[in-house]
Structures are given as C-alpha cells and as structure tokens.
Amino acid sequence: YMGVVVYRMETVSDFLVGIDIGGTLVKVCVLRIGERRGPTDGRLEQLEIDRASARGQYSFHKFPSSDIARLIGFLRDEVGITPGSKLHMTGGGAHKFEAEIIKALDVEVIKLEEMRSLAKGIEFLVRRVEECLFHYSPQAGRIYLKNKDDFPFLLVNIGSGVSILRFTAYDEHQRVTGTALGGATFMGLCNLAIGESDFEALLADAEKGDNTTVDLTMSDISKGIDSPLRAERDILAVSLGRFRTGETPRREDVAKSLLNMIAYNIAQVAFLTAKLHGLHNVLFAGNFIRNHDVTMHSIVHAVELFSTAMDYKVDAKFLKHDGFIGALGAIRVQMGVMTPE
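Residues numbered from 1 in each chain as written. Predicted model: local features only at pLDDT ≥ 70, side-chain atom pairs only at ≥ 80, totals over all residues. Heavy atoms only, no water.

A.B. asks: Please explain the overall build of the protein as it appears in this structure.
C.D. replies: Scanning the protein from terminus to terminus reveals 12 helices and 14 strands. Burial analysis of the protein (341 residues in total) assigns 52% to the buried set. Counting only carbon and sulfur atoms, one obtains 50% of the accessible surface of the protein, whose full area is about 15,400 Å². (Helix = DSSP H or I, 4+ residues; strand = E, 2+ residues; numbered from the N terminus. Buried < 20%, exposed > 50% of the residue type's maximum accessible area, 1.4 Å probe, protein only. Areas by Shrake-Rupley, 256 points an atom, 1.4 Å probe, with all protein chains shown as cover.)

In structure tokens, the structure reads:
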C-alpha cells in the first residue's frame, strides 16, 4: 500500500503535519516528500527518519506549550501552512488552543483521539523503523532489539502526567490507569526546591547529582529488617530522607533525588499494573524520558528491584522517539494506514 500512499501525497501535498499538544510541550512531526527544504525551528536532528526506511523524510520539532505563538509562526512561515488547510492535532491542548490556532492561521483543526494516535505511532515505529526499540543498562547503554509485535503489552506514556494503556493489538487498546505524578510534577518540585523549572537544565543537573547526599538508602535503614531487597544496599528507601531544615544541599543532588522519586514511583505503578493484568512486557515512552540515561536507569533499576522482590519478571523497553509517538501517529492516521504491509 505504500506506493498508493506516496502517490496520494504527491498529488495533494508534498508534506503532512502531525501535532501533539501536551500540558508542557508541543510535539510536531513533519513528513516531507521529495526535496522540499525541511523546517528547522525546534528540530531534533537525532530523531529524523529518512526515506530509506520510511519512504519519506520525517522531522521532529518541539516547542513550549506556553508559547503557542511560536508554534503558529513555525507552521505558517517554515512548514508553509496556508489558509484553508487541515491541521491534524492530538493531546489535551488540541482542545485548549484550537480557537487560537484557527484564528491565526485560518485553518480547519481536526482533533484526533489520543489513544488512536499513540497506537498508530507505535505501530509505524515497531514495524517500519529500524533501531527504535531498545533495552537500557548503565553498563551497555542502549541495546537495540529486533522489531516485532509483542502483544500483549503495557504502554506507560509519561508526559506532564502519566497514562497507562493495555494493548492486545494495535487496534485493540484501553487506558487501564495512570498517575498524577509525571514530568510536570518533577518540574514543579524542582522549581520550589531549587528555583529551576527548565527541563533540559534539570536533566543536566540530575546527571551531575548524587542523590545519596539527600536520600536515605536501604543501607541506612535495613538493619534488622527481613526483606528480599536487604542485600541491595544502594536501593532508594526514602526520598529526601536526609534533608534537614537549615541545610542547603547541592542543586544537582536535589534534582537527581526528585528525578528518582518520580521515576521510581512511575515504575512501581507500571510494575504493579503489569502484574495485575498478567503482563510481562512494558514499553515506557513520553517526553519525560527523552532518551535521558539517568531517567532510563532509574526506571530500569526500579522495575528490576520490584521484579526481584515480588518474583514476577517485567521487561522494561524504550522507544527512541519516545516523546513524539502521538505526533507521528497523527500523520499515520491522516495517511489512512490501517494494516501492515
């Protein structure tokens, strides 16, 4: 069917756009056909998918949700959106900013159901893009896996908050639970604690931090406690448990502690949900992760600990395009791709 898709796109337009507006970030995916120059604002070159693997050039861009004017300028001036065009959008912000975008660009906004966009994005990545699915370990880094459909599985989509979806097929999925503790929680706590709310700066701080200066570990509290985790002396036991009034810990250590706090809690909710549903495959995605080593390490470490403690194996996997699944899926929905090749 891909030949049909390319023909359709070349006769209608030389590009397609998918937009996912979340509580903190706007994620945009642009598919270009031919040699048309691609947009550059907010571009993440390391995520690009070229025509060799997908018969088109996909670029990925991100903007703060607090600056919709920048998104509008990007769509008009760089992408080339013209009056009367149709814009396909997903995410909670598709409703919030619909009127503002329509007024500024004179376009028709088509709001896509978020779970469907996520499903189509994952389907495309797993079935059509090499080196997108991987395990992570601090020793080996990213270990890319052979792409395959591995149903059933849980998708843990971590954005400002967290949604957890159960997939039995790409067109058979349901939201089973979630948590209010997400990326926006991490940013808010860091802003209160160290006066920093820029996510990239916080990740850089966390990478240099030592959370054991402010957290309590199992070695601090496990004497006399009978636990299957007792031998793991460096396990997080109490977040910020060492912090005392009047102390001024290093900002990097606080950022690392808060990152671990959020990541461990999300991992625990994911693990318990997987066990409840009898599932062993869990895919972690969303813009909270951003392929960041410290975040992925925290999630993997927590999942492995819970697997050991409860004698139930859960396999944590990640996607290279973790924060852009919905935007990518919005393009795939437009293309009408409903079945595999």
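A.B. asks: Help me understand helix α6 (residues 114–128) in this model?
C.D. replies: Residue pairs three or four apart in sequence face the same way in an α-helix, which turns once every 3.6 residues. With 15 residues, α6 should cover 21 Å at 1.5 Å per step; its first-to-last C-alpha distance of 21 Å lies within 8% of that length. Here α6 lies mainly inside the structure; 11 of its 15 residues are buried. What α6 keeps buried is the set Ser117, Leu118, Ala119, Lys120, Gly121, Ile122, Glu123, Phe124, Leu125, Val126 and Arg128. (Expected span 1.5 Å × (residues − 1).)

A.B. asks: Quick question: what am I supposed to make of the packing of α6 against helix α12 (residues 325–335) here?
C.D. replies: Geometry of a packed helix pair, given as the angle between the helix axes and the separation of the axes. At their nearest, the axes of α6 and α12 sit 7 Å apart, and the two run at 90 degrees to each other. As summarised for this structure, α6 and α12 are arranged roughly perpendicular, according to the angle between their axes. Contacts between α6 and α12 pair Arg116, Ser117, Leu118, Lys120, Gly121, Ile122, Phe124, Leu125 and Arg128 from the former with Ile325, Gly326, Leu328, Gly329, Ala330, Arg332 and Val333 from the latter. (Axes fitted to C-alpha atoms, helices over the stretch in contact; angles between N-to-C directions. Parallel < 35°, antiparallel > 145°, perpendicular 65-115°, else oblique. Contact = heavy atoms within 4.5 Å.)

A.B. asks: So what exactly am I meant to see when it comes to the environment of Thr40 here?
C.D. replies: Along the chain, Thr40 falls in the loop between β2 (25–32) and α2 (51–54). For the pair Thr40 and His61, spaced 21 residues apart in sequence, the C-alpha to C-alpha distance is 8.0 Å. Thr40 has contacts with His61 and Glu78, leaving out every residue within four places of it along the chain.

A.B. asks: Can you walk me through unusual backbone geometry in this structure?
C.D. replies: Peptide bonds are, in most cases, trans, and in most cases residues other than glycine have a negative phi. Of note, the amide linkage connecting Phe151 to Pro152 takes the cis form, showing an omega dihedral of -10 degrees. Its location among the elements puts Pro152 in the loop between β7 (141–144) and β8 (153–158). A positive phi is found at Asp106, a non-glycine position, where the angle reads about 55 degrees. As for its placement among the helices and strands, Asp106 is situated in the loop between α5 (98–105) and β5 (108–111).

A.B. asks: So what exactly am I meant to see when it comes to the pairing of strand β10 (residues 172–179) here?
C.D. replies: The two faces of a sheet get side chains in turn, since along a regular strand they alternate between them. Pairing between strand β9 (residues 162–169) and β10: 7 bridges, direction antiparallel. Paired with Ser163 across the strands is Gly178, a residue of β10. (Pairing = 2+ DSSP bridges.)

A.B. asks: In this structure, what is going on with the pairing of β9? I would like to understand it.
C.D. replies: Bridge analysis of β8 against β9 gives 6 bridges, and the strand direction is antiparallel. By the bridge assignment for β9, Leu154 is matched with Arg166. The turn linking β8 back onto β9 is made up of 3 residues. The antiparallel hairpin formed by β9 and β10 contains 2 residues in its connecting segment.

A.B. asks: Explain the pattern of salt bridges here, please?
C.D. replies: Working definition: two side chains of opposite charge can pair if their charged atoms are close together. A full pass over the atoms with the stated rule returns 17 salt bridges. With a shortest N-O distance of 2.7 Å, Arg70 and Asp41 are connected by a salt bridge. Of this pair, Arg70 sits in helix α3 (residues 68–79) while Asp41 sits in the loop between β2 and α2, and the two are 29 residues apart along the sequence. For Arg70, a relative accessible area of 31% corresponds to the partly exposed category. Note that Arg250 and Asp253 form a salt bridge whose closest N and O atoms lie 2.9 Å from each other. Residue class for Arg250 comes out partly exposed when judged on its relative accessible area of 43%. According to the relative accessible area criterion, Asp253 is buried, its value standing at 4%. Ionic contacts of the salt-bridge type, sharing partners, join the residues Lys120, Glu123, Arg127 and Asp149 into one network. (Salt bridge = Lys/Arg side-chain N within 4 Å of Asp/Glu carboxyl O.)

A.B. asks: What is the right way to read the packing of aromatic side chains from this model?
C.D. replies: The way to describe two aromatic rings as a pair is by their centre distance and the angle between their planes. Under the criterion given, the structure shown has 14 aromatic pairs. Geometrically, the ring pair formed by Phe134 and Phe318 is stacked, given 5.9 Å between the ring centres and 25 degrees between the ring planes. Highlighted residues: Phe134 in strand β6 (residues 133–137) and Phe318 in strand β14 (residues 315–319), separated in sequence by 184 residues. The residues Phe134 and Phe318 share a single accessibility class, namely buried. A cation sits over an aromatic face here: Lys275 above Tyr312, 5.8 Å from the ring centre. (Phe/Tyr/Trp six-rings, centres within 6.5 Å; stacked < 30°, edge-to-face > 60°. Lys NZ or Arg CZ within 6 Å of the ring centre and 35° of its normal.)

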